[in-house]
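Structural characterization, general
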Amino acid sequence: MAIEILHPGLASSLQDSGRYHWQHLGVPVCGSMDLFSHRLANALAGNQGDPATLEMTLQGAKIRFLRRAVIVLSGADFSPCIDDKPVAMLCPLTVPAGAILSFGSHRNGARCYLAIKGGFSAPEVMGSQSTSQGAGFGGHYGRRLKKGDVLAFNWPLHNTSNLRLPFGMPDIFPAHRQVLRFIPGKHWNLLTDREKHQFTHQIFVLSQHSDRMGYRLEGEPLALSSTTEIYSEAVSRGTVQLPAGGKPIILMADSQTTGGYPKIAHIASVDMPYLAQALPGAEFTFNEISLYNAQLYSAQRQWWLKKISPTA
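The structure displayed is predicted, hence computed values, not measured ones. (Residues numbered from 1 in each chain as written. Predicted model: local features only at pLDDT ≥ 70, side-chain atom pairs only at ≥ 80, totals over all residues. Heavy atoms only, no water.)

**Observations concerning the sheet that holds strand S2 (residues 11–15)**
Strand pairing in a sheet relies on backbone hydrogen bonds, with the paired strands running either antiparallel or parallel. Ordered in space as S2-S3-S10-S5-S8, the five strands form an open sheet in which the pairing is antiparallel. The two strands at the open ends of the sheet, each matched to only one other strand, are S2 and strand S8 (93–95). On average, each strand axis in the sheet is tilted by 30° relative to the strand beside it, whichever way the strands run. Where strand S5 (residues 69–77) and S8 come together, three bridges link them in antiparallel fashion. Bridging from a neighbouring strand, Ala69 pairs with Val95 of S8. (Pairing = 2+ DSSP bridges. Helix = DSSP H or I, 4+ residues; strand = E, 2+ residues; numbered from the N terminus. Axes fitted to C-alpha atoms, helices over the stretch in contact; angles between N-to-C directions.)

This is the structure we're talking about:
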């Protein structure tokens, strides 16, 4: 009841929704960069709870299945094949024992998620299976996968899934000059009206110097109206910090738990997949929304996920 990694791809690791309730001790949340795709893959596989999925970044892995399994692929399309035959995304796939899952050309997105029915049987650390690479725990020995790794999975009583994608699949891939909706942060008013206008009207470009900790944005630098000292405070995924250089940084899944840069904004959680699936060079603009609307959009997304149910 395992899979063997024949080639790990560029950056593959086990991730669930994250490691919560430990931030006050300095433990980062980590988890899937694209939480929607992670949860969608598990839902279509018929998994209960929040088992880890295999997150593959920019390039898919090559995997041999040592026992029959049912899997679902979501997120970025890396042209998946089973025994060199193309297979579909976003639907349950039965993989026979001995078969090899591989990936070809990159079609869209940056991160692909593989859920396996029954879930991977990686141990939980602080209530999560997520890989914390910086700390070296969770996932598979606290690191990215490498050639020769063998990942065990749980063998379900019913190794089938009749689940199908509901109508109205939300868009997760960034459009040209994708608009990111945000809620003003604690230090938003340290920007002058001119700087606020600049933040919401200029085009920012995703820097190649971006990773799971944070996405750096290139553009005309922003300046604060005051140089008041900011004490280090709690931060989270989606927090937009403004360092001294004036170029915003959006904190991502592996971000630190506290930071001393001004927090000028917070990206609405419903728009975080656009960032997770973006490639360097992607263009973004920002649009302010209320906390109420951000929560409403998030609730609508969760409602859509709950529509996934067994078919006759």
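Read on for the rest.
**Topic: the packing of aromatic side chains**
If you walk through the whole model with that rule in mind, you get eight aromatic pairs. Relative to Phe199, the ring of Trp188 has its centre 5.8 Å away and its plane inclined at 70°; by these criteria the two rings are edge-to-face. Residue Trp188 is found in the loop between strand S12 (178–184) and helix H2 (193–201), and its partner Phe199 is found in helix H2; the two are separated by 11 residues along the sequence. Considered together, Trp188 and Phe199 belong to a single accessibility category, that of buried residues. (Phe/Tyr/Trp six-rings, centres within 6.5 Å; stacked < 30°, edge-to-face > 60°. Buried < 20%, exposed > 50% of the residue type's maximum accessible area, 1.4 Å probe, protein only.)

**A word on the nonpolar core**
If you look at the biggest cluster of nonpolar residues, it comprises 30 residues, and the most contacted ones within it are Ile63, Phe65, Leu73, Leu101, Leu114 and Phe120. When contributions to this core are tallied by element, the ones reaching two or more residues are strand S1 (2–7), strand S3 (53–57), strand S4 (62–65), S5, S8, strand S9 (100–103) and strand S10 (108–116). It is S5 that contributes the most residues to this core, four residues altogether. Sequence-distant contacts of Ile63, defined by excluding residues within four places in its chain, comprise Ile3, Glu4, Ile5, Leu54, Ala99, Ile100, Leu101 and Leu114. One finds Phe199, Ile267, Ala276 and Ala278 within the second-largest nonpolar core, a separate group that totals 28 residues. (Core = buried A, V, L, I, M, F, W, Y, C linked by side-chain atoms within 4.5 Å. Contact = heavy atoms within 4.5 Å.)

**Overview of helix H1 (residues 35–45)**
Burial analysis of H1 places nine of its 11 residues in the buried class, the great majority of the element. Residues of H1 that are buried: Leu35, Phe36, Ser37, His38, Leu40, Ala41, Asn42, Leu44 and Ala45. The elements touched by buried residues of H1 are S2, S3, S5, S10, helix H3 (272–276) and helix H4 (291–306). Structurally, the start of H1 carries an N-cap: the backbone nitrogen of Phe36 is 3.2 Å from a side-chain oxygen of Asp34. Where H1 ends, the next residue or the one after it, Gly46, has phi of about 80°, a positive value. (Polar contact = N/O pair within 3.5 Å; in protein donor to acceptor, adjacent residues only side chain to side chain.)

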